[in-house]
Amino acid sequence: MILLDPYQLEKYKTNMGERIIEVGKQDHTIHGYMVYQCEHCNNIYVMWLEKGLEDPTDDEKTGMHKPVPFGIICPACGGTAIHTLWSLGKDSLGKNYKSYQKYVEQPNRLIYRNFFWNDPTIDRGVPIIFEPDYCLESLRGRIDYITEIYINTLPNNQYEEFINNAMNALDRVTLVDVVASIELLDFKGNREQKRHGPFGIDGYKRPRSNKKLYEY
Ligand SMILES: [Zn+2]
């Protein structure tokens, strides 16, 4: 395992800062993503892929394959972050091309800024790393970061659908509370109403459209 010494790490971070400025001069088209985790400090990096990197759609046009490295240097500690959670992002490769600039400027949305840049002069993807997406501290006691990555990397239409379904689910939780308190207060309510609640017989049923929420 590579571990940069403090001097090398400073140099790496300086270079990364310059690289970030350089690539920021123009927009980039991104498609899928891959998740990397540092073997030394456990930090997590969600790495978007610029068009042409690990991109089966582009491979078909060019007849070539341009990869990204299996390991990248973790700018937090100088250790090596390696590709992990391989199934995450796999289905998005070569699909849903979008503007990186528009993506990072979205309000009210958890954004992952790191990505692999497709530098035409280099035969593999070049990591552009702003900061870790999840650090050891925030991972402690948390098991939901994988779900969070999954949700927040969905294409916009699927993301909206997911949020709407989640909102419906939340409303239903509130409804159940309301029904429970009404039933407690209203001992004399008619039997029919008691059995089904004021919202009818289907009041507690989860609609079919919410299926996805629990099954991905
Ligand atoms: Zn690290």
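Keep in mind it's a predicted model, so treat the numbers as computed, not measured.

1. A closer look at the overall build of the chain
Okay, so step 1: Broken down by element type, the chain carries eight helices and seven strands.
Okay, so step 2: In the chain, which comprises 216 residues, the share counted as buried stands at 23%.
Okay, so step 3: Nonlocal contacts in the chain, meaning residues at least 24 apart in sequence, comprise 70% of its contacts between residues at least 6 apart.

2. Description of unusual backbone geometry
Okay, so step 1: One non-glycine residue, E54, adopts positive backbone phi at about 45°.
Okay, so step 2: Checked against the element boundaries, E54 lands in the loop between β2 (44–50) and α2 (56–62).
Okay, so step 3: Since 24 C-beta atoms lie within 10 Å of it, E54 is described here as buried.
Okay, so step 4: Backbone geometry places N108, a non-glycine residue, at a positive phi of 50°.

3. With respect to the confidence of the model for the chain
Okay, so step 1: When pLDDT is averaged along the chain, the result is 82, and 76% of the positions lie at 70 or above.
Okay, so step 2: Confidence over residues 185–216 falls short of pLDDT 50; this stretch has 24 contacts with residues more than four positions distant or in other chains.

4. Description of the environment of G32
Okay, so step 1: Within the secondary structure, G32 is located in strand β1 (residues 29–38).
Okay, so step 2: Taking the number of C-beta atoms within 10 Å as the measure of exposure, G32 has 22 and is therefore buried.
Okay, so step 3: As a C-alpha pair, G32 and L53 span 21 residues in sequence and 9.2 Å in three-dimensional space.
Okay, so step 4: When near neighbours in sequence (up to four residues on either side) are disregarded, G32 contacts L49, E54, G89, S92, L93, G94 and K95.

5. Comments concerning the pairing of β2
Okay, so step 1: The buried fraction of β2 amounts to seven of the seven residues, a majority that puts the element mostly inside the structure.
Okay, so step 2: The alternating pattern of β2 places I44, V46, W48 and E50 on one face and Y45, M47 and L49 on the opposite face, and all of these are buried.
Okay, so step 3: The sheet contact formed by β1 and β2 spans six bridges and is antiparallel. Along β2, the bridge assignment pairs V35 with V46.
Okay, so step 4: Taking the residues that link successive antiparallel strands as the turn, the β1-β2 hairpin has five residues, and the phi of N42 there is positive, at about 70°.
Okay, so step 5: Two strands pair when backbone bridges link them, and β2 and strand β6 (residues 115–117) are joined in this way by two bridges, in the parallel orientation. Bridge assignment links L49 to a residue of β6, and that residue is F116.

6. With respect to the environment of G125
Okay, so step 1: Mapped onto the elements, G125 comes out in the loop between β6 and β7 (126–128).
Okay, so step 2: With 76 residues separating them in the primary sequence, G125 and L49 have C-alpha atoms 8.0 Å apart.
Okay, so step 3: Setting aside chain neighbours within four positions, we find G125 in contact with L49, L53, V68, P69, F116, W117 and N118.

Here is what the cut-offs are and how they apply
Residues numbered from 1 in each chain as written. Predicted model: local features only at pLDDT ≥ 70, side-chain atom pairs only at ≥ 80, totals over all residues. Helix = DSSP H or I, 4+ residues; strand = E, 2+ residues; numbered from the N terminus. Buried ≥ 20, exposed ≤ 12 C-beta atoms within 10 Å, placed from the backbone. Contact = placed C-beta atoms within 7 Å. pLDDT = per-residue confidence, 0-100. Pairing = 2+ DSSP bridges.

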